[in-house]
Amino acid sequence: MSAVLEVRGLTKSFGGVLAVSNVSFSVAKAEMLALIGPNGAGKTTCFNMLMGQLPATAGDVLLHGEVITGMPPRKVWRRGIGRTFQITATYASMTVVENVQMALLSHHKRLFDVRRFAHRAYYDEAMQLLELVGMQTQSERACAVLAYGDLKRLELAIALAHDPQLLLMDEPTAGMAPKERIGLMQLTADIVEERQISALFTEHDMDVVFSHAHRVMVLNRGELIANGSVEDVRSDAQVQEVYLGGGSLFNEVAEGDHA
Amino acid sequence: MGLFIAQLLTGLANAAALFLVASGLSLIFGVTRIVNFAHGSFYMLGAFIGYSLMQVLPGAIGFWSSILLAGLAVGAIGVIVELLVLRPVYRAPELFQLVATFGVILVIQDLALMIWGAEDVLGPRAPGLKGIVRIMGEPVPQFDLALIAITPFVLFGLWYLISRTRVGILVRAATQDREMVGALGVNQSWLFTGVFFLGAALAGLGGAIQLPKGGADLLMDFNILASIFVVVVIGGMGSLPGAYIAAVLISVLNVFGVAYIPQSTLVLMFVVMAVVLTVRPYGLLGREEVAGEHGQVGEPEKPIKPAGNLARGLVALLLVLLACLPFVAEPFFTILATDVIVFCLFAASLHFLLGLGGMVSFGHAAYFGGGAYVAALLVNYASAPMELAFLMAPIGAGLLAVIIGWLCLRLSGVYFAMLTLALAQLVWSLVFQWDEFTGGDDGLVDIWPAEYLSDTTAYFYFTMVVGIGGILLLRHMAHTPFGYALRASRDSARQAEATGIHTKRIQWVAFTIAGVFAGLAGALFVFSKGSVFPVELEIAKSFDGLIVVFLGGVKTLSGGVVGAASLTVLQDFITRFEYWRLALGLVIIAVVIVAPRGIVGSIRAIAEQRFSRGEVER
Amino acid sequence: MLEVNAINSHYGKAHILNDLSFRVEAGEVVSLLGRNGAGKTTTVKSIMQLVKPTSGDVLFENQRLNRMSPHQVAKLGIGYVPEERRIFTDLTILENLEVGRQPARDGMAAWNKERLFEIFPNLEERKHNRGKALSGGEQQMLTIARTLMGNPRLLLLDEPSEGIAPVIVEDMAKTILTLKKEGLSVLLSEQNLHFARIVSDRAVIIESGEKKFDGTFEELESNPEIRDAYLSV
């Protein structure tokens with residue numbers, strides 16, 4: 001099986017403290033892979049190293065067999081990784097459609113063009129992407145006035161603009177109402193299926209994880225402690241202890257009290 | 001050897017005042033995150049107040065208590081400024097605070113003029129310390145030795161205050177995490193006021209203590225500003241020991257510079273700074289500032305669209321009316337209109353950088369004056385024809401912007417702003433001190449346009465075509481992919497970088513473009529006036545540009561132009577009054593507090609409230 | 001003592017708290033439980049007025065806290081221990097404690113360095129060390145000690161057990177029980193159910209900013225479906 005993304009021994013230390021320690025995994029084509037773990041486990045640090053926002057202390061990231069470690073984010077993006085952010089990052093002074101047009105202009109390498117008007121460039125393509133995420137009716141609204149869930153959908157449209165092979169989504173549903181969450185993840189799943197691309201996402205909402213991920217990895221204190229199917233990870237004792245709410249510990253104490 | 005020691009001592013003595021003023025600026029910045037441009041004004045007030053007190057209080061006791069009282073008085077003035085001007089804008093974007101402190105500068109300048117008059121004041125010599133001491137045969141003023149002896153005590157006193165007292169502990173804690181200090185029950189507002197008192201008092205002390213050496217005059221506020229910025233930037237923002245080391249370094253270098261390379265004393269300071277910052281971008285003892293996502297100044301601006309037909313028609317009509325001006329009005333108005341267009345182009349280039357790019361440059365005059373000087377030098381030395389000189393001006397200014405932009409864009413936020421200012425001062429000092437080449441203070445004269453443009457009316461039309469053409473071109477660029485990429489880099493560098501945009505490169509190019517157009521304005525300027533002087537490169541010129549963009553409205557495409565036109569006309573009108581700075585300063589402060597959206601922004605906000613129009617600006 | 005009344009809070013555009021209400025009685029230790037992102041930290045910050053609730057009331061001893069600034073809230077007697085600890089890393093332990101110092105309150109023995117060092121002996125040994133030289137556990141102890149210097153009557157502890165070694169977590173539990181004996185009320189946000197159960201009298205469970213459970217741990221035990229729905233898998 002040829003992996004889209006392969007991560008080997010990825011490590012990050014901040015002043016001697018290991019935030020991410022020797023993490024290895026791979027992402028297969030058309031796979032939805034969830035990376036979960038408690039706050040501070042190193043998930044976002046991991047993402048930042050994959051995309052090049054942070055330099056890795058050690059280890060390698062390979063996209064289609066090519067080493068992309070150490071590349072700045074813009075180059076990683078050009079090689080086919082799109083990303084959405086935990087805290088949304090959009091261009092507040094532009095309209096919704098212009099946000100997508102901006103990504104398309106970058107994709108077509110027309111950033112230094114000073115002849116034509118930007119608001120006409122790749123308009124139809126941008127509208128198609130907005131339609132894909134269900135934002136076409138809001139295309140002319142200012143980004144600054146959008147609802148949070150809509151911003152998240154817009155970010156997804158931006159991340160899809162260069163037809164990526166892999167989507168990195170950092171907490172795609174954080175701050176959304178439960179109904180919106182399911183909608184957004186269903187949309188992502190459809191896109192993954194239809195375009196045969198892969199998605200790696202972090203998530204705190206276990207409903208989202210267990211209903212949409214094909215595979216789940218668990219990060220704890222920078223180390224990968226589990227990597228497998230939803231069922232395997234759910235029943236893993238160590239995972240339950242560190243993350244999934246200490247159900248076993250609870251029982252233990254409860255029994256202890258009765259004794 | 002004796003001379004060497006004597007010069008070293010002079011340098012150390014000069015460091016005293018510089019350290020006092022710079023440490024005050026550093027303290028204020030550390031806690032409040034405000035770069036207090038009015039700090040030079042506090043220094044000037046300290047000198048004048050100290051002088052007046054010394055006239056009244058006799059003897060050595062009178063002399064030294066005058067210095068202390070001057071410090072306290074300036075501290076109290078600092079408190080008034082903090083309460084009235086800065087408190088309302090603590091939560092505003094940093095540009096607003098800077099503009100507000102600039103308003104304070106203007107007000108204090110005129111108040112000082114009213115009270116002490118325009119004459120320079122010679123400081124009295126210190127009673128009991130009027131003589132000299134011979135050290136290894138070289139004369140050293142006793143007062144210098146006193147200053148050298150006093151400074152360590154001041155440093156120790158400050159150090160004790162900051163590191164050993166509760167107030168100092170709170171100040172240091174607040175420098176690191178203001179919000180947490182508040183959550184522990186400390187009233188930040190009063191802490192800020194206290195720090196402002198202390199910082200202003202130190203500046204006042206610095207001003208008073210240098211009286212026997214330098215006296216007092218109305219230019220000392222701007223004159224020291226660049227030096228203290230350099231000291232604070234070299235030492236590291238917020239670091240007292242850093243400020244001391246840098247003050248000594250700069251002062252000693254300066255004295256040796258005067259002795260051995262007298263033509264480059266001012267330049268030397270900036271060269272040292274450039275070297276230090278290349279090695280340590282955050283200064284000797286400074287700490288890296290993690291810039292947040294704060295590219296936009298204030299609330300996000302509205303999406304923009306190219307002007308509709310109505311707007312285009314209106315602009316065309318306005319241009320036709322403008323073109324008729326020479327036929328209907330006196331020549332004076334034609335000249336004024338030329339000035340207005342030149343300044344509008346300058347402001348539009350700064351607005352391009354600041355408004356669209358989110359890069360707050362405090363040294364934009366470097367490219368305006370730079371362009372003007374390139375043209376003037378070519379005419380003067382190479383007898384270049386006007387057309388060639390005119391063409392080379394924007395190119396020269398652009399090259400300057402390429403270099404300065406590269407250096408400055410390694411930093412962000414306040415550091416970026418201060419570095420642009422310091423490097424612009426470097427250009428100014430080069431021009432100012434290189435007498436034999438640039439004419440120094442006497443400037444370059446006899447720079448007239450070609451024969452066919454020598455008529456006022458002809459040159460007015462030439463300015464109209466080039467100037468307004470430049471403005472329209474800049475405006476057009478805002479709507480092109482490049483303009484969008486520039487706004488994208490400002491709105492969210494994170495998203496831009498993650499979608500393939502090399503934000504620093506975009507910003508660098510934009511910085512250069514802004515330099516080119518400022519240089520073009522400079523070229524128009526020099527041929528309209530026939531001469532150029534270092535004043536066109538001064539901080540005050542850069543600030544004029546900033547204020548104009550701010551008054552017009554940062555958030556609006558036409559803000560720069562509208563602001564520039566209003567200010568030039570307003571200035572022409574109010575400079576006929578003696579105390580016009582006072583009025584202008586008060587207007588600026590009022591705008592910052594009352595109408596922070598600027599002229600165009602406020603009009604639009606009112607119009608939108610009335611008609612509650614859509615979200616898209618046209 | 002503390003009454004949170006139907007508050008709504010936003011972080012930027014994200015709606016974090018949704019009509020959240022609960023109470024903390026005098027002398028009580030209450031645990032605020034919920035998964036990551038459920039809104040626990042926002043709840044604590046909303047009480048402290050570091051996040052301004054957009055609607056609803058926060059009452060402390062019948063005084064309305066809304067519109068107060070955080071320092072006023074602290075002066076009234078609410079001590080805040082943030083999740084990220086936020087100690088002043090350039091200051092020594094003694095200086096960190098000094099920042100937190102506030103006058104004593106009527107009817108309660110004032111905290112001072114000596115008393116705190118009895119509870120946190122590790123801090124005394126290193127009292128001249130700068131904050132950045134401390135381990136995670138020591139930093140956590142220091143934040144609590146620093147806040148206690150303000151003589152609070154109600155302590156807000158945001159995830160005190162997160163990211164510290166199990167042995168230290170045990171110390172932490174003992175500390176909280178000691179403080180309870182001293183008469184302090186505590187609101188504790190936690191993910192560690194085991195820890196919460198040992199130190200607290202009552203649990204409030206939130207999910208997506210809404211309250212899902214409010215009661216004793218015995219009641220929670222008899223409702224395994226709630227536990228499963230909001231705390232575990």
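Residues numbered from 1 in each chain as written. Chains lettered and ligands numbered in written order. Predicted model: local features only at pLDDT ≥ 70, side-chain atom pairs only at ≥ 80, totals over all residues. Heavy atoms only, no water.

### Quick word on the overall build of chain C
And then number 1: Per the secondary structure count, chain C includes 10 helices and 10 strands.
And then number 2: Its C-alpha atoms give chain C a radius of gyration of 17 Å, within 12% of the compact-globule value 17 Å for 233 residues.
And then number 3: The principal-axis extents of the C-alpha atoms in chain C amount to approximately 50 × 40 × 35 Å.
And then number 4: With 233 residues in all, chain C has 58% of them scored as buried.
And then number 5: Long-range pairs, those at least 24 residues apart, make up 68% of the contacts in chain C with a sequence separation of at least 6.
And then number 6: Total accessible area on chain C is roughly 9000 Å²; 48% of this is exposed by carbon and sulfur atoms.
And then number 7: The average position of the 29 basic charges and that of the 33 acidic charges among the side chains of chain C differ by 6 Å. (Helix = DSSP H or I, 4+ residues; strand = E, 2+ residues; numbered from the N terminus. Rg over C-alpha atoms; globule rule 2.2 N^0.38 Å. Buried < 20%, exposed > 50% of the residue type's maximum accessible area, 1.4 Å probe, protein only. Contact = heavy atoms within 4.5 Å. Areas by Shrake-Rupley, 256 points an atom, 1.4 Å probe, with all protein chains shown as cover. Lys, Arg positive; Asp, Glu negative; His and termini not counted. Charge placed at Lys NZ, Arg CZ, Asp CG, Glu CD.)

### As for the confidence of the model for chain C
And then number 1: The predicted model of chain C averages 88 in pLDDT, with 96% of residues at 70 or higher.
And then number 2: Of all helices and strands in chain C, the one with the weakest mean pLDDT is helix 10 (residues 224–230) of chain C (76), whereas strand 6 (residues 78–81) of chain C scores best (96). (pLDDT = per-residue confidence, 0-100.)

### Some words on the packing of helix 3 (residues 96–107) of chain A against helix 5 (residues 148–159) of chain A
Two numbers describe a pair of packed helices, the interaxial angle and the distance between the axes.
Residue and element names in this part refer to chain A.
And then number 1: Relative to each other, helix 3 and helix 5 sit at 25 degrees, their axes nearing to 8 Å. Here helix 3 is positioned roughly parallel relative to helix 5, judged by the angle of their axes. Where helix 3 crosses over helix 5, the two elements pack in a sense that is right-handed. In this structure, helix 3 contributes Val96, Asn99, Val100 and Ala103 to the contact, and helix 5 contributes Leu154, Ala157 and Ile158.
And then number 2: Taken together, the residues of the contact of helix 3 with helix 5 sort by class into 6 nonpolar, 1 polar and no charged. (Axes fitted to C-alpha atoms, helices over the stretch in contact; angles between N-to-C directions. Parallel < 35°, antiparallel > 145°, perpendicular 65-115°, else oblique. Left-handed = near helix turned anticlockwise from the far one by under 90°. Nonpolar A, V, L, I, M, F, W, Y, C, P; charged D, E, K, R; others polar.)

### Details of the interface of chain B and chain A
And then number 1: On the side of chain A, 38 residues touch chain B, which itself brings 36 residues to the contact.
And then number 2: Here chain B packs against chain A, burying approximately 3100 Å² in sum over the two surfaces, 64% of which is carbon and sulfur.
And then number 3: Seen at the junction of chain B and chain A, the total is 1 salt bridge.
And then number 4: Taking the shortest distance from any N to any O, the salt bridge between Glu497 of chain B and Arg74 of chain A comes out at 3.3 Å.
And then number 5: Our enumeration of links across chain B and chain A arrives at 20 residue pairs in polar contact (both at pLDDT 80 or more).
And then number 6: Counting residues per element, the side of chain B that touches chain A draws most heavily on helix 20 (residues 481–491) of chain B, which supplies 8 residues.
And then number 7: Class assignment for the residues of the side of chain B that touches chain A results in 16 nonpolar, 9 polar and 11 charged. (Buried area = accessible area lost by both parts, 1.4 Å probe. Salt bridge = Lys/Arg side-chain N within 4 Å of Asp/Glu carboxyl O. Polar contact = N/O pair within 3.5 Å; in protein donor to acceptor, adjacent residues only side chain to side chain.)

### Some points on the sheet that holds strand 6 of chain C
Residues and elements named next belong to chain C.
And then number 1: Reading across the sheet, the 6 strands line up as 6-7-8-3-9-10 and stay open at both edges, with mixed pairing between neighbours. Each edge of the sheet is formed by a strand with only one pairing partner; in this case those strands are strand 6 and strand 10 (210–215). The average undirected angle you get between the axes of adjacent strands in this sheet is 15 degrees.
And then number 2: Examined bridge by bridge, strand 3 (residues 29–33) and strand 8 (residues 185–190) share 5 bridges and lie parallel to one another. (Pairing = 2+ DSSP bridges.)

### A look at unusual backbone geometry
Residue and element names in this part refer to chain A.
And then number 1: In this structure, Lys109 is a non-glycine residue whose phi angle is positive, near 55 degrees.
And then number 2: With respect to the element layout, Lys109 can be found in the loop between helix 3 and helix 4 (123–132).
And then number 3: Backbone geometry at Tyr122 places phi at a positive 50 degrees, although glycine is not the residue there.
And then number 4: Mapped onto the elements of the fold, Tyr122 is located in the loop between helix 3 and helix 4.
And then number 5: For Tyr122, a relative accessible area of 21% translates into the label partly exposed.

### Brief notes about the domain arrangement of chain B
Residues and elements named next belong to chain B.
And then number 1: Domain annotation of chain B identifies domain 1 (2–279) and domain 2 (309–611).
And then number 2: For domain 1 and domain 2, the distance between their C-alpha centres works out to 32 Å.
And then number 3: Contacts between domain 1 and domain 2 engage 39 residues on the former and 41 residues on the latter.
And then number 4: Where domain 1 abuts domain 2, roughly 3600 Å² becomes buried across the two surfaces, and 82% of that area is made up of carbon and sulfur atoms. (Domains from an automatic or database assignment.)

### What to know about the pattern of salt bridges
Any two side chains of opposite charge can pair, given that their charged atoms come close.
All names here are of chain A.
And then number 1: In this structure the tally under the stated criterion is 36 salt bridges over all chains.
And then number 2: The salt bridge involving Arg83 is made with Asp170; its shortest N-O contact spans 3.5 Å. With a gap of 87 residues between them, Arg83 in strand 6 (residues 81–84) and Asp170 in strand 7 (residues 166–170) connect regions that are remote in the sequence.
And then number 3: Residue Asp170 is classed as buried on the basis of its relative accessible area of 1%.

### Notes on the sheet that holds strand 1 (residues 3–14) of chain A
Residue and element names in this part refer to chain A.
And then number 1: Taken in spatial order, the 4 strands of this open sheet run 2-1-4-5, and their pairing is antiparallel. Looking along the sheet, the strands with just one partner apiece sit at the ends: strand 2 (17–28) and strand 5 (66–67).
And then number 2: Pairing of strand 4 (residues 58–63) with strand 5 involves 2 bridges; the strand directions are antiparallel. Within the sheet, the bridge partner assigned to Leu63 lies in strand 5 and is Glu66.
And then number 3: This element, helix 1 (residues 43–51), spans strand 1, strand 2 and strand 4 of the sheet and lies at about 120 degrees to strand 1.

### With respect to the pairing of strand 8 (residues 198–202) of chain A
Residues and elements named next belong to chain A.
And then number 1: Buried residues dominate strand 8, accounting for 5 of its 5 residues.
And then number 2: Of the two faces of strand 8, the one lined by Ser198, Leu200 and Thr202 and the one lined by Ala199 and Phe201 are each fully buried.
And then number 3: Here strand 3 (residues 32–36) pairs with strand 8 via 4 bridges, running parallel. Looking across to strand 8, one finds that Ala34 is bridged to Phe201.
And then number 4: Sheet topology note: the strand 7/strand 8 ladder contains 5 bridges and is parallel.

### Section: the packing of helix 5 (residues 142–164) of chain B against helix 6 (residues 166–176) of chain B
Residues and elements named next belong to chain B.
And then number 1: At their nearest, the axes of helix 5 and helix 6 sit 5 Å apart, and the two run at 75 degrees to each other. With respect to helix 6, the element helix 5 is oriented roughly perpendicular. On the side of helix 5, the interface is formed by Leu161, Ile162, Ser163 and Arg164, while helix 6 contributes Arg166, Gly168, Ile169, Val171 and Arg172.
And then number 2: Here the residues of the contact of helix 5 with helix 6 are counted per class, giving 4 nonpolar, 2 polar and 3 charged.

### Structural notes on the nonpolar core
And then number 1: Of all hydrophobic cores here, the largest spans 256 residues; its most connected members are Phe37, Phe352 and Phe527 of chain B.
And then number 2: Broken down by element, the residue count for this core peaks at 16 residues, all from helix 1 (residues 2–32) of chain B.
And then number 3: Ignoring anything within four residues of it in the chain, the contact list for Phe37 of chain B reads Leu98, Thr101, Ile105, Leu225, Phe229, Phe362, Leu421 and Phe543 of chain B.
And then number 4: Listed in part, the 48 residues of the second largest apolar core include Leu156, Ala157, Ala161 and Phe210 of chain A. (Core = buried A, V, L, I, M, F, W, Y, C linked by side-chain atoms within 4.5 Å.)

### Some remarks on the environment of Leu319 of chain B
Residues and elements named next belong to chain B.
And then number 1: Position of Leu319 relative to the elements: it lies in helix 13 (residues 309–328).
And then number 2: Distance in space between the C-alpha atoms of Leu319 and Ile468 is 9.0 Å, their sequence separation being 149 residues.
And then number 3: In contact with Leu319, other than residues within four places in its own chain, are Met464 and Ile468.

### Remarks on the side chain of Gln7 of chain B
And then number 1: Looking at the element boundaries, Gln7 of chain B is found in helix 1.
And then number 2: Accessibility expressed as a relative area gives 11% for Gln7 of chain B, which makes it buried.

### Here's the deal with the confidence of the model for chain B
All names here are of chain B.
And then number 1: Overall, the prediction assigns chain B a mean pLDDT of 87, with 96% of residues at 70 or greater.
And then number 2: Averaged over each element, pLDDT in chain B is lowest for helix 26 (residues 598–611) (72) and highest for helix 22 (residues 503–529) (96).
And then number 3: Every residue in residues 291–298 scores below 50 in pLDDT, and together they form 20 contacts with partners more than four places removed in sequence or on other chains.
And then number 4: In this model residues 612–618 is a low-confidence stretch, pLDDT under 50, and it forms 19 contacts with partners more than four residues away in sequence or in other chains.

### Considering a nonpolar patch on the surface
All names here are of chain B.
And then number 1: Together, Leu388, Leu391, Met392, Ile395 and Leu399 make up a nonpolar patch on the protein surface, roughly 450 Å² of accessible area in all.
And then number 2: By secondary structure assignment, the location of Leu391 is in helix 16 (residues 386–408).
And then number 3: Classification of Leu391 as exposed rests on a relative accessible area of 54%. (Patch = residues over 30% accessible without salt bridge, like charges linked within 9 Å, V, L, I, M, F, W, Y side chains within 5 Å.)

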